[in-house]
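Remarks on the overall topology
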Amino acid sequence: MANILIVEDEKNMQDIICEYMRRGGHTCFTADDGVDALLLLKNNPMDLMVLDIMMPHLDGFSVCKMAREMSSLPIILLTAKSDEEDKLKGYAYGADDYMTKPFSPKILLAKANALLRRTSVDFTNTVSDTLGNTLSAGKIMISPAAHKVFVDGTELTLTHKEYELLYFFLSNPEQIFSREQLLNRIWGYDFAGNTRTVDTHIKTLRQKLGSEGKSIVTLIRSGYKFEVAK
């Protein structure tokens, strides 16, 4: 069904994850460290990456950040740390989900399948429903069929969640959404994170949008809205 890159230096854990992913019908590629992971990602089309943080040569945060410059594939981080700041750091670098060791391989497979479904459904729906159409506001233009974003003609590299947020905002201009509503809409009701995840993603999205980032307006005690310049 999907090509999944498993980046884990602990061999037993790597084997367990691969076994469950294959049971789910997926093809697994494996890497023992961050350097090999980036080489595999560069040379092979991947649909999702399961990425351990504590690894030799290049840690998972660095791999996540560099992978985001190469691809928008969904990334699930694995770590023995449960600190909130580590989770927020992972999200800031472009991770889509997070699991703390020890974890259930069945839950990991379910999370992977959920991310793959969202990616596939979003892409299929936009191709069938809006083929040839674009969404635009100011200097921002989204081509849903191609799953691409441009600002003043220059293509941006966004994570999957950043793309979903921007697409949602442009599809619902001037509407106010609370952090909880955005969390449920973009990450799903089963997501284990909190509303700070929304703030972190919007911060990085604004930075990538440059001068157009001001269109995403923060409303004290209310949430966010996308404000269309008059």
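A brief look at the structure comes next. (Residues numbered from 1 in each chain as written. Predicted model: local features only at pLDDT ≥ 70, side-chain atom pairs only at ≥ 80, totals over all residues. Heavy atoms only, no water.)

Focus: the packing of helix H7 (residues 179-187) against helix H8 (residues 196-209)
Note the following rule: As a rule, the C-alpha atoms of each element are fitted with a line to give its axis, helices using only the stretch in contact, and angles between N-to-C directions run from 0 to 180 degrees. Numbering goes from the N terminus for both helices and strands, where a helix is a DSSP run of H or I of at least four residues and a strand is a run of E of at least two. Angular relationships are summarised with four words: roughly parallel below 35 degrees, roughly antiparallel beyond 145, roughly perpendicular across 65 to 115, and oblique for the angles in between. Residue contacts follow a heavy-atom distance rule, with two residues in contact if any of their heavy atoms lie within 4.5 Å. Residues are sorted three ways: Asp, Glu, Lys and Arg are charged, Ala, Val, Leu, Ile, Met, Phe, Trp, Tyr, Cys and Pro are nonpolar, and all the rest, Gly among them, are polar.
Orientation of H7 relative to H8, taken along the N-to-C sense of each, is 80 degrees, at an axis distance of 9 Å. With respect to H8, the element H7 is oriented roughly perpendicular. The segment H7 lies against H8, with Arg179, Leu182, Leu183 and Trp187 engaging Thr197, Val198, Asp199, His201 and Ile202. Counted by class, the contact of H7 with H8 contains five nonpolar, two polar and two charged residues.

Considering the packing of aromatic side chains
For the record, the criterion: For Phe, Tyr and Trp, rings pair up if their centres lie within 6.5 Å, where Trp contributes its six-membered ring, and each pair is then called stacked (planes under 30 degrees apart), edge-to-face (over 60) or tilted (otherwise). Buried, partly exposed and exposed residues are distinguished by accessible area as a fraction of the type maximum, computed with a 1.4 Å probe on protein chains only: under 20%, between the cut-offs, and over 50%, respectively. In this analysis the charged atom, NZ for Lys or CZ for Arg, is taken to sit over a ring once it is within 6 Å of the ring centre and within 35 degrees of the ring normal.
Taken as a whole and assessed by the stated rule, the structure comprises four aromatic pairs. Here Phe61 and Tyr93 contribute two aromatic rings whose centre-to-centre distance is 6.1 Å and whose plane-to-plane angle is 70 degrees, an arrangement assigned as edge-to-face. Placement of the pair is Phe61 in helix H3 (residues 60-68) and Tyr93 in the loop between helix H4 (84-92) and strand E5 (97-100), with a sequence separation of 32 residues. Looking at Phe61, the relative accessible area reads 8%, which means it is buried. Arg23 extends its terminal NZ or CZ atom over the ring of Tyr20, reaching a point 4.5 Å from the ring centre.

Topic: the sheet that holds strand E8 (residues 148-151)
Selection rule: One bridge is not enough; two strands pair if DSSP finds at least two bridges between them.
Spatially, four strands are ordered E6-E7-E8-E9 in an open sheet, and the strand pairing comes out antiparallel. Strands at the two margins of the open sheet, each flanked by one partner only, are strand E6 (135-137) and strand E9 (154-156). Sheet twist, expressed as the average angle between the axes of neighbouring strands with direction ignored, equals 25 degrees. By the bridge criterion, three bridges tie E8 to E9 in an arrangement that is antiparallel. Pairing of Phe150 across the sheet is with Glu155, part of E9. Packing of helix H6 (residues 160-171) onto the sheet brings it into contact with E6, strand E7 (140-143) and E8, and relative to E7 it is tilted by some 105 degrees.

Details of the side chain of Thr200
By secondary structure assignment, the location of Thr200 is in helix H8. Discounting chain neighbours no more than four positions away, the residues touching Thr200 are Leu88, Tyr91 and Ala92.

Some remarks on the environment of Gly60
Checked against the element boundaries, Gly60 lands in helix H3. Exposure remark for Gly60: the relative accessible area of 0% places this residue in the buried category. Through-space distance from the C-alpha of Gly60 to that of Leu77 is 7.6 Å; in sequence the pair is 17 residues apart. Setting aside anything within four residues of it in sequence, one finds Gly60 in contact with Leu51, Asp52, Ile53 and Met55.

A word on the sheet that holds strand E4 (residues 75-79)
Sheet architecture is open: five strands sit in the order E2-E1-E3-E4-E5, paired in parallel fashion. Every other strand in the sheet has two partners, leaving strand E2 (27-31) and E5 as the edge strands with one partner each. Neighbour to neighbour, the strand axes of the sheet diverge by 20 degrees on average, direction disregarded. Of the strand pairs in this sheet, strand E1 (residues 3-7) and E2 are connected by five bridges, and their pairing is parallel. Bridge assignment links Val7 to a residue of E2, and that residue is Ala31. In the packing of helix H1 (residues 11-23) onto the sheet, the strands contacted are E1, E2, strand E3 (48-52) and E4, and the crossing angle to E2 comes to about 165 degrees.

Regarding the nonpolar core
As a reminder of what qualifies: Side-chain atoms within 4.5 Å link the members of a nonpolar core, which is a set of buried Ala, Val, Leu, Ile, Met, Phe, Trp, Tyr and Cys residues.
By size, the foremost hydrophobic cluster in this structure holds 25 residues, and its most contacted members are Leu166 and Leu182. Sequence-distant contacts of Leu182, defined by excluding residues within four places in its chain, comprise Leu165, Phe168, Phe169, Phe177, Trp187, Val198, Ile202 and Tyr224.

Quick look at the environment of Ala31
One can find Ala31 in strand E2. Owing to a relative accessible area of 2%, Ala31 belongs among the buried residues under this scheme. Along the sequence, Ala31 and Ile216 sit 185 residues apart, while their C-alpha atoms lie 38 Å from each other. In this structure, Ala31 is in contact with Ile6, Val7, Glu8, Gln14, Asp36, Ala37 and Leu40, ignoring residues within four places of it in sequence.

With respect to the side chain of Thr159
Note that Thr159 resides in the loop between E9 and H6. By relative accessible area, Thr159 is classed as buried at 1%. If near-sequence neighbours (up to four positions away) are discounted, Thr159 is found in contact with Arg68, Gly94 and Lys208.

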